[in-house]
Structure formats: structure tokens, C-alpha cells
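Survey of secondary and tertiary structure
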Amino acid sequence: MNPQTSTSRPLIPKRLDNAGLEHAYDLIAEAMDAAPPEKRTLFLAKLAFVLANLVGDDRQVAQAVEAASRDL
Amino acid sequence: MHQPDAQPRPSIFYDYKVHPFRSPPALQGTPDAASVAIVGAGPVGLLLALRLAQFGTWSVVLEQELQVSHGSRAIVLTRRSMEILQQAGVAPRFLQKGLPWANGRSFYRGQEVYRMVMPHSEDDRFLPGLNLQQQYIEQYLVEACEASGMVDIRWGSKVIALQNEPGGATLRVDTPAGEYDLTADYAVAADGGRSTIRRLMGLRMEGRAYAGNFVIADIAADLGLPTERLCFFDPEWNPGNNVLVHREPDGIWRLDFRLPEGETAEQALEPARLSDRIDKILAMLGKPAPWKLDWATVYTANTLTLPDYVVGRVIFAGDAAHLLPIFGVRGANTGVQDADALAWRLAMAARGAPAGLLATYSHERVQAAREICEEAGKSTRFMTPPTEGFALMRDAVLSLTLSEDFPKDLLHWRTSRPHFYADSPLNSFPEENAAFAGGPGCGEPLANVRIGPDDFLLDHLTEPGFHLIAFASSAEAGPDLADFLRACEPLPLMRVLVAPAFGEDLRALADVCVADPQGRVAARYAANAGTAYLVRPDGHVCARWLSAGADDVSHAFAIAAGAAS
Ligand SMILES: Cc1cc2nc3c(=O)[nH]c(=O)nc-3n(C[C@H](O)[C@H](O)[C@H](O)COP(=O)(O)OP(=O)(O)OC[C@H]3O[C@@H](n4cnc5c(N)ncnc54)[C@H](O)[C@@H]3O)c2cc1C
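This is a predicted model, so every value here is computed, not measured.

This part is about the pattern of salt bridges. Tallied over the full model, the rule gives 36 salt bridges over all chains. Ionic pairing is found between Arg70 of chain A and Glu66 of chain A, a salt bridge with its closest N-O pair at 3.4 Å. The exposure class assigned to Arg70 of chain A is buried, which follows from its relative accessible area of 16%. Note on Glu66 of chain A: relative accessible area 41%, which makes it partly exposed. Through salt bridges with shared partners, a single network forms among Arg105, Glu112, Arg115 and Glu228 of chain B.

Next up, the structure:
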């Protein structure tokens, strides 16, 4: 049990409170379950693209892509 | 004929005592009656009996076995449970043996991703958690019940039938010496998750059961780790399934992990398979030490409750009333709060208080159970994702926590907490309650306050019954406060006076004097001279006034004691 620490610095500020995060968690989980399994990736790509548009900021979208790409 | 196992259960750390079955007078033909009969000598039945004894009510406890819990089962007592056990007079024994803790660490892919720090302040006497095996919890409660001289524990006595009638309940009891009937004014079903009484009455629980089996294994091993809760998400040897590790007294460690999909309980408990997994967990802990198994079992997660805990003359408490997930240590701790909420009302009902008082027990505790089901459901969805969508979200959050901080709190499952009975029918004077700028409001449990070294407010409120906590601002009582306290004297409650210091006259006005030289209690309770809190026997506030009058106290007392408002 010798925990290593991640070398990457956090990129994403916390904007939602815990209740908000939980709500989003449930909402997306349920939407994924509602989509046919073979269309789930398509749904997620659409969702990410829609959210990028809502964020409305190139740099932040790039950071979100980088954060989500780590530790897959 | 009921034949309970008379061989001590095997254990490498706990010495089981086999209690003798004693033939009751009813088997010699003398009719048998009790004011309160409690079915089940688990933590809930025993604590209820002990609290009833403190309120002056005799009870008979019927227990099918001759010995305490098989295996350590519920091993974590919360601070609220310890406060209740303090009121019950047994806390020192628990503290002597138990292991207190406040923190937890969670790991994912070898990295510490979350550090759980449970709230704790210098005003708390007890730490957030105390680890103690259920055998000891029950043993200490049995000993306290015996010492009270007001609890008749009948070992080896199994309830097999029941008649629930308007004036009382009759229990059919099967024993090694034959069957007999016991009539009781009230029967309490504290007979656990597989409640016989619930089945006999054909009652159904509401809620849901979660998929997935978990193994609990208790091992003796010398791991040299501190007392904290460890959690490993998605370990390599058991993909997608989490592992929890807790320390117990006597050099015992609790390992808890979810089984891979599709594996049965029998397969999981096969000795070779189990011991391979235990080795893997110890390797993951970096402690590949030799170990010995004490006990292992398989459980599932449920969020189920009966919709009503009072059915005629039968009252449900603990696992018989609800089945809750053990994440967040909810099983036994919720039952402890049930027992505490029920005891005083049942003692009053047994003395003829209006039936409505018991109905408020059901009102408060069913609501508490529903809230717990809702909260625990969220944790359970994280620990055992019910669908592909939830599994993907869990994996996404875990992966993000390796580099990001924002989602880390989602890794913490809420822990059992005391409930706020904000809309209890026993509360009154809502406007006066709302006028306070702080302090525990109506329905909330009292807040503890440190008044000196090893001296806390709740240490002074251990007399069984209602308390009136009044505040003075100097060592002398003004005429208003003196009149108020004198006028409250005839009420059946303890008058607790909190003052910076006590002159002789002031001391004579109260049953309990709490010196608060630094004004810490007054500040925590947002109190001025003349402020008063009316507190139920289970330590929940039911009315409060910034400036109290005796007529209002008397009225609020009548409401809290079950007279209609
Ligand atoms: C295998 C297992 C593992 C658990 N692990 C954990 C854990 O890790 N953490 C946690 O918080 N909780 C755990 N729990 C839950 C915890 O043990 C319970 O929440 C707690 O014991 C509830 O107390 P109780 O008094 O309501 O019921 P119980 O402790 O179940 O007591 C009920 C008693 O009633 C007796 N009884 C039953 N039927 C009859 C009858 N017809 N006549 C007479 N007597 C009867 C039983 O023998 C028993 O002694 C576990 C439970 C089980 C079963």
C-alpha cells in the first residue's frame, strides 16, 4: 500500500455542488441506459459536443478533452 | 419442540457463553403475562429492554438461541449510537474494548484518490466511529439488562405464533421443555431481518433489493495498520468490485468485497477460493501476512422498510422493521435509534398514555428509514451499479479522480447519522422555534458541548425522562427566572439549569446544575437569560423558547407526552 500520486495537475474547476454532480451522474447514467447499447457511444459524442457548445469557450473545451483523455 | 444449539459457536477470538434455558412458570401451568414482551435479543431488542428498565418498565425478552450473534456482523457504532449508549449507562464498557476512528482512505489503481474525514469537533465526546464486534455489543447489553433486575431474558425460547388483539398480543413460545403462551400488553418484533413476526402477520416491506452479493470475512492477522476505513475500488484481481477493510478489536480484520457477477454464495465461500482472495487482498494492502479465518458470510444490499411499525399491539424495530445496506454502517445504528425512540413511548404507553403516542414512533422512524433508503440507494448505486449506464458513470468518475478533484466527493457514501424529526407531531411552538438564531431546532437531537476537561453537556442529562434546559446569565436568578423554574417544578421532568456560576439560591431552583463559565453552552444553544429547551427522553428537542413561560412549557410537555395538540 504505497500510494503513488498522480503527476497530472487538475484541469477542471468544481462548478457544480455535490448534489448537482450527483444529479448529473444519475441523469447521464439513465440516458445511457435508455439508449440502445450499440448507440451509446454516439449518444455520448453528441452529449459532449452539445456541452462544448454550451461551455462556449475553446480553451475550456480543450481542457475538458484533455482531462477526459487521461487515465483511460 | 425447539432445540437450540447448545454447543458454543466456534470462534478464534470470542468465547461464547451458552446461557441456560430456564423453564418458565407457564410450563408448570401458571398463566404468564408481561407488560412488554420483546421478541429477539439482538442489539435492538436488548437495548430496548435496557432503556425500558431505566424508565421503570419490566420486560420479557424471548430469544430462540442460547448465545449471542454468530459472527461479528455489525462492527461499527456511530457517535449517535455511542451517545445513546451513554444515556443507557453502558458507554464505558464499549469504549474500553472498541476501537475509535474518524478517517478513511480510498484507493484506485494503486493511487489514493479520496481521503474521508468524518466531522468531529472538540464539542464531541465520541469519535465518529467505534469498531466493536456484535458479539461484544450484545454481551455488554445482556450484562446490563441482567444487572438492571428488570429484564427477564428467556434464552432458547422461539416465538412460533401470535394473536394480535385489541387489548394485547399473545405469543406462542416453543422451548426445549415444550410450548406455552405469553400474553403481553405490547409485543415488540425485534427478531431481525428474517422476522418471524413479520411473516406470521403477512406484512410486506417496500423498497428494493440490489443485485450483487458481498462476502464478509473476518481474519486474525498482524497487519500493523491504524484504525481507519480502507476502500479499494476496482482492484485488478476483482475488476469492477470494491474491497473494504476495517480493523476490529482482538487483532481481527474485516474484509468485505463484492463477488464477480454470476458467482453464487456457495462458490464464494469455498475455502480454496476464499483463501486465495484473502491472500490477494493482503498483497494489495502490502501486508502479505499469515492469517486465520474466524467467520465468513455472504450478504446482499437492500433498501426496504415496512410502511408502518405499529400494527395493533405489535411494534416493529430494527432489522425486523427495515433492511438497509451496510455501506454507511446503517444496519445496527438505525436500529439503535429505533430502540431509543421507542423505549420511552412504550414505557408511557404501558402506563396508559394515549395510543397516539406510539403512532408517532412509527411516523418518525418510518420517515427516517425512507430517508436512509433514499440516501443509501445513492451509495449503493455507486458501490454496486445496477445497470451498464451506472457502471460506466462509476468508471468515469473513478478515472477522473486520478487527476481531478471536482468529482472526489462522489466517492464518499454518506454515513448513518441521527435523524431530525422536523415534522414530528410531538413538536410544538413552531414560531418560537423559528425565532432562534442557532442551536438545535425542534426535532433535532441535542448538540453536545464541551464544558471542561472530560466534561460534556450530555454527561449531565443521563436521568431517564424529559428534561427542561433553562439558561441563566449570572450566579443569581432574577425574579422571572426563579418564578419560571418554581412553576415548572410540578411537571414530571428534570429541570437543568445552565449558568456561568451558581449562587446558593440559584442552585436550589434546579434538579441539575451545569456550570458554563465560558458561556459555551449558551452560545451553542443561541440562548439568553430565560431561554429554555424542552427535550424528550430520547434527547430530541420538542419545543424551545427564547423567553420561556411555565404555561407554555406545560402545554408543550402535554403535546410531547402524547396528549393531542
Ligand atoms: C450475516 C450478516 C452480516 C452483517 N454484517 C453487518 C455489517 O458488517 N455491518 C452492519 O452495520 N450490519 C451488518 N449486519 C446487520 C446487523 O447485524 C443488523 O442490522 C443488526 O444485527 C440488527 O439488529 P436487530 O436486533 O434488529 O436484529 P438481529 O441482530 O438479527 O437480532 C434478532 C434476534 O432475534 C432472534 N429471533 C429471530 N426470530 C426469533 C423468534 N421467532 N423467536 C425468538 N427469537 C427470534 C434471533 O436469534 C436474533 O438473536 C449484518 C447482518 C447479517 C445477518
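Residue and element names in this part refer to chain B. Domains assigned within chain B are domain 1 (25–97 + 126–206 + 303–374) and domain 2 (430–560). One C-alpha centre belongs to domain 1, the other to domain 2; they are set 31 Å apart. Facing the 14 residues of domain 1 at the interface are 14 residues of domain 2. When the two sides are added together, the surface that domain 1 and domain 2 hide from each other amounts to roughly 1,100 Å², 49% of it contributed by carbon and sulfur. At the surface where domain 1 touches domain 2, the tally comes to one salt bridge. The partner of Arg536 in a salt bridge is Glu364, with the nearest N and O atoms 2.6 Å apart.

As a further point, take the interface of chain B and chain A. Residue-level contacts link 34 residues of chain B with 28 residues of chain A. Together chain B and chain A conceal approximately 2,500 Å² of surface at their shared face, both sides included; 59% is due to carbon and sulfur atoms. In terms of surface lost to chain A, no three residues of chain B exceed Met393, Ser403 and Phe406 of chain B, which account for 23% of the buried area on that side. At the boundary of chain B with chain A, the tally comes to three salt bridges. When the shortest N-O distance is used, the salt bridge between Lys14 of chain A and Asp409 of chain B registers 3.5 Å. At the surface where chain B touches chain A, the tally comes to ten residue pairs in polar contact (both at pLDDT 80 or more). Residue assignment for the side of chain B that touches chain A shows that the elements contributing at least two residues are β5 (103–108), β6 (111–117), β13 (229–233), α9 (356–383) and α10 (388–401) of chain B. Looking at the side of chain B that touches chain A element by element, the count peaks at nine residues for α10 of chain B.

Here Ala508 of chain B lies in helix α13 (residues 504–508). Note on Ala508 of chain B: relative accessible area 65%, which makes it exposed.

Right, let's talk about the site of the ligand for a bit. Residue and element names in this part refer to chain B. Lining the immediate surroundings of the ligand are 28 residues, of which Glu63, Gln134, Thr196, Arg254 and Asp319 lie closest. Taking Arg73, its side chain carries an N or O atom lying 3.0 Å from an oxygen atom of the ligand. Burial of the ligand by the protein chains amounts to 86% of its free accessible area of 990 Å². Counting residues per element, the ones that place at least two in the shell around the ligand are α1 (43–54), β9 (158–165) and α8 (331–350). Among the residues forming the shell around the ligand, the class breakdown is eleven nonpolar, ten polar and seven charged.

Another point: the packing of α1 of chain B against helix α4 (residues 134–148) of chain B. Residue and element names in this part refer to chain B. Contact pair α1 / α4: the axes reach a minimum separation of 9 Å and the direction vectors enclose 25°. The angle between α1 and α4 places the two elements in the roughly parallel class. Considering only the axes of α1 and α4, their crossing is left-handed. Contacts from Pro43, Leu46, Leu47, Ala49, Leu50 and Ala53 of α1 reach α4 at Gln134, Ile137, Glu138, Leu141, Val142, Ala144, Cys145 and Ser148.

The next thing to look at is the side chain of Arg394 of chain B. Inspection of the secondary structure puts Arg394 of chain B in helix α10. Apart from residues lying up to four places away in sequence, Arg394 of chain B is in contact with Tyr25 of chain A together with Gly240, Asn242, Phe382, Met383 and Pro385 of chain B.

Looking now at the sheet that holds strand β12 (residues 206–221) of chain B. Picture the strands of a sheet paired through backbone hydrogen bonds; they go either parallel or antiparallel. Residues and elements named next belong to chain B. The eight strands lie next to each other as β6-β5-β13-β14-β15-β12-β16-β19, forming an open sheet whose pairing is mixed. In the strand order of this sheet, the two ends are held by β6 and β19 (322–323), each with one partner. The sheet contacts of α9 involve β12, β13, β14 (243–248), β15 (252–258), β16 (291–305) and β19, and relative to β16 the element is tilted by about 120°.

Moving on, we get to unusual backbone geometry. Residues and elements named next belong to chain B. A positive phi angle is found at Arg73, which is not glycine, with a value near 40°. Within the secondary structure, Arg73 is located in the loop between β2 (59–62) and β3 (76–78). We note that Asp454 has phi near 50°; this positive angle belongs to a residue other than glycine. You can see Asp454 is positioned in the loop between β20 (450–452) and β21 (455–456).

What follows covers the confidence of the model for chain B. Looking at chain B, the pLDDT average stands at 94 and 99% of residues meet or exceed 70. Scoring of the predicted complex yields 0.94 for pTM and 0.93 for ipTM.

In this section: the nonpolar core. Residues and elements named next belong to chain B. By size, the foremost hydrophobic cluster in this structure holds 119 residues, and its most contacted members are Phe94, Phe484 and Leu534. Of the residues forming this core, the biggest block, nine residues, is contributed by α8. When we break this core down by domain, the ones giving at least three residues each are domain 1 (25–97 + 126–206 + 303–374) and domain 2 (430–560). Discounting chain neighbours no more than four positions away, the residues touching Leu534 are Phe466, His467, Leu468, Leu493, His540, Val541, Cys542, Ala543, Trp545, Val553, Ala556 and Phe557. Ile75, Val76, Met383 and Leu411 belong to the second-largest nonpolar core, a separate cluster that totals 33 residues.

Our focus in this paragraph is the pairing of β13 of chain B. All names here are of chain B. Among the five residues of β13, five are classified as buried, and the element is accordingly described as predominantly covered. Taking every second residue as pointing to the same face, both faces of β13 are buried, with Arg229, Cys231 and Phe233 on one and Leu230 and Phe232 on the other. Bridging between β5 and β13 involves five bridges; their strand directions are parallel. By the bridge assignment for β13, Phe107 is matched with Phe232.

Think of an α-helix as 3.6 residues a turn; residues three or four steps apart then line up on the same face. Between its first and last C-alpha, α10 of chain B extends 20 Å over 14 residues, near the 20 Å set by a 1.5 Å rise per residue. Where the residues of α10 of chain B are buried, they touch α1 (18–34) of chain A together with β5, β6, β13 and α9 of chain B.

Conventions adopted
- Residues numbered from 1 in each chain as written.
- Chains lettered and ligands numbered in written order.
- Predicted model: local features only at pLDDT ≥ 70, side-chain atom pairs only at ≥ 80, totals over all residues.
- Heavy atoms only, no water.
- Salt bridge = Lys/Arg side-chain N within 4 Å of Asp/Glu carboxyl O.
- Buried < 20%, exposed > 50% of the residue type's maximum accessible area, 1.4 Å probe, protein only.
- Domains from an automatic or database assignment.
- Contact = heavy atoms within 4.5 Å.
- Buried area = accessible area lost by both parts, 1.4 Å probe.
- Polar contact = N/O pair within 3.5 Å; in protein donor to acceptor, adjacent residues only side chain to side chain.
- Helix = DSSP H or I, 4+ residues; strand = E, 2+ residues; numbered from the N terminus.
- Near = heavy atom within 4 Å.
- Areas by Shrake-Rupley, 256 points an atom, 1.4 Å probe, with all protein chains shown as cover.
- Nonpolar A, V, L, I, M, F, W, Y, C, P; charged D, E, K, R; others polar.
- Axes fitted to C-alpha atoms, helices over the stretch in contact; angles between N-to-C directions.
- Parallel < 35°, antiparallel > 145°, perpendicular 65-115°, else oblique.
- Left-handed = near helix turned anticlockwise from the far one by under 90°.
- Pairing = 2+ DSSP bridges.
- pLDDT = per-residue confidence, 0-100.
- Core = buried A, V, L, I, M, F, W, Y, C linked by side-chain atoms within 4.5 Å.
- Expected span 1.5 Å × (residues − 1).

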